[in-house]
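Below are the chains, spelled out letter by letter.
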Amino acid sequence: MDPRGTHDPEDDMPFAELDSRARADAALRRIQGGADPAREAFDLANTMNDEAVGRLTARLRRFLRRG
């Protein structure tokens, strides 16, 4: 929590979600700066999908090592 008493929604977000939000905000800034919205959406979706697959793969590997 901010010592000045303000509360941002980001204060309650898990790190993975914060990272995703930061990437989405960056994509929006690039779109506002003239970037192709379709390309930005495609790149953002691919990045988020790659990360989700990576997390799932890591969990699966940990699970299989235990068994």
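In the block above lies the structure referred to throughout.
Computed from a predicted model, the values in this text were never measured in an experiment.

Caption draft 1: Representation of the pattern of salt bridges in the model. Following the criterion strictly, the structure yields 5 salt bridges and no others. We note a salt bridge from Asp 19 to Arg 23, for which the minimum N-O separation is 3.4 Å. Of this pair, Asp 19 and Arg 23 both sit in helix H1 (residues 15-32), 4 residues apart, which is roughly one turn of that helix. Relative accessible area serves as the criterion here: at 29%, Arg 23 is assigned to the partly exposed category. A salt bridge links Glu 51 to Arg 23; the shortest N-O distance between them is 1.9 Å. Remark: Arg 23 occurs in helix H1 and Glu 51 occurs in helix H2 (residues 37-66); sequence separation between them is 28 residues.

Rules used throughout
- Residues numbered from 1 in each chain as written.
- Predicted model: local features only at pLDDT ≥ 70, side-chain atom pairs only at ≥ 80, totals over all residues.
- Heavy atoms only, no water.
- Salt bridge = Lys/Arg side-chain N within 4 Å of Asp/Glu carboxyl O.
- Helix = DSSP H or I, 4+ residues; strand = E, 2+ residues; numbered from the N terminus.
- Buried < 20%, exposed > 50% of the residue type's maximum accessible area, 1.4 Å probe, protein only.

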